[in-house]
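Residues per chain are reported as follows:
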Amino acid sequence: MDAVYRFALRLSGSRDEAEDLVQDTYLRAFRAWDQYSPGTRCKSWLFTICRNVFLRRRERSQRHDEILLETAQDDPRAISREAPVFAASRDQDPEGEFFRSIVDDQVFAAIEQLPEEYRLVVVLSDLEDLSYGEIAEVMEIPVGTVKSRLFRGRRQLQGRLYDYALEMGYISKGGDD
Amino acid sequence: MAFFDSLKRLFGGTGKNGRSGDEAPSGGSGSPSDADVAMIPCDEACARLFEYLDGELEGVSEEEVRRHLEVCKACNPRIQFEKHFREALQRSQEGGRVSESLRERVLQALAEDEGLD
């Protein structure tokens, strides 16, 4: 249940709403148990239900934000392969040790600030260990879009954490000592 | 319907995917020497970095990418960089647990729902 709660929290950004989402998710899952296909990971199935519950609630409350639609042709390899943060920190911290200095709350906040379409795929992949195929099912997007969103989301997140590390003095800009 | 079996399945955790990056690049003792390895170019290895770490490589063997990242001094820091990044994300996750009151609330709702049928 922790995983569903965490996902609900990332979806809604509110603890109260996340708790309601968890309850509704489990109720729907329980009622639809005969539709669960063995072989599908239960966690992934619950995330799909949770996202559907969330979307339905959001539609109902007229707070529907347009989900960015990306095309399936959006090949992550067509995007620059350069990792800007890696390039910026290469001289003094090539292995990204500065990530270890960043407090957990700050990492959590940086994830929260990502645009939704990036935040959810990063959470499902890096925090919940879903495969690209499972994420595609939960999010109802093509696998190619999962890859490109992951690529962009991770890069954005690295950028935010790097800026924070600079601000806190965990790392200095290239050339400074 | 087996009420408790269903609950157990719904509440129970499931195993995670095996992710290549969790084991690599550590350099197995039985690895062939550098000379034996037909190295893929840095560009190709770095383009596959996320897929490699995510255990999702297609079209190129995991072994080819792993060997490159182990051996190549220019690319090896890249994978360490991405791993440290991912560790930071995973650390931030540790506090996200449901309260006992929510757990009870959900169980109560499920039991009531079952009672209505």
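Residues numbered from 1 in each chain as written. Chains lettered and ligands numbered in written order. Predicted model: local features only at pLDDT ≥ 70, side-chain atom pairs only at ≥ 80, totals over all residues.

Asks: Explain the nonpolar core to me, and be specific about the residues and the numbers.
Replies: Soluble globular proteins tend to bury their nonpolar side chains together. By size, the foremost hydrophobic cluster in this structure holds 55 residues, and its most contacted members are A:Ala8, A:Val22, A:Cys50, A:Val121 and A:Leu161. For A:Leu161, the contacting residues outside a window of four places in its chain are A:Phe99, A:Ile102, A:Val107, A:Ala110 and B:Ala88. Counting residues in each nonpolar core, the second largest holds 8 residues, with B:Cys46, B:Tyr52, B:Val65 and B:Cys72 among its members. (Core = buried A, V, L, I, M, F, W, Y, C linked by C-beta atoms within 7 Å. Buried ≥ 20, exposed ≤ 12 C-beta atoms within 10 Å, placed from the backbone. Contact = placed C-beta atoms within 7 Å.)

Asks: Lay out the interface of chain A and chain B with the relevant residues and their values.
Replies: Taken together, the contact between chain A and chain B spans 40 residues of the former and 36 residues of the latter. The element contributing the most residues to the side of chain A that touches chain B is helix α2 (residues 15-31) of chain A, with 7 residues. Residues that form the side of chain A that touches chain B fall into these classes: 22 nonpolar, 5 polar and 13 charged. (Helix = DSSP H or I, 4+ residues; strand = E, 2+ residues; numbered from the N terminus. Nonpolar A, V, L, I, M, F, W, Y, C, P; charged D, E, K, R; others polar.)

Asks: Tell me about the domain arrangement of chain A, and please be specific about residues and values.
Replies: Residues and elements named next belong to chain A. Domain parsing of chain A yields domain 1 (2-60) and domain 2 (76-168). Taking only C-alpha atoms into account, the centre of domain 1 sits 23 Å from that of domain 2. At the interface, 10 residues of domain 1 touch 10 residues of domain 2. Put simply, the parts of the chain that give the side of domain 1 that touches domain 2 at least two residues each are α1 (2-12) and α3 (42-60). (Domains from an automatic or database assignment.)

Asks: Give a detailed account of helix α5 (residues 104-113) of chain A, specifying residues and quantitative values.
Replies: Taken residue by residue, α5(A) has A:Val107, A:Ala110 and A:Ile111 as its buried positions. The buried residues of α5(A) occupy one face: seen down the axis, they fall within an arc of 100°. Opposite the buried face of α5(A), at more than 90 degrees from it, the exposed residues are A:Asp105, A:Glu112 and A:Gln113. The elements touched by buried residues of α5(A) are α6 (116-127) and α8 (143-168) of chain A together with α5 (76-92) of chain B. (Arc of directions from axis to C-beta.)

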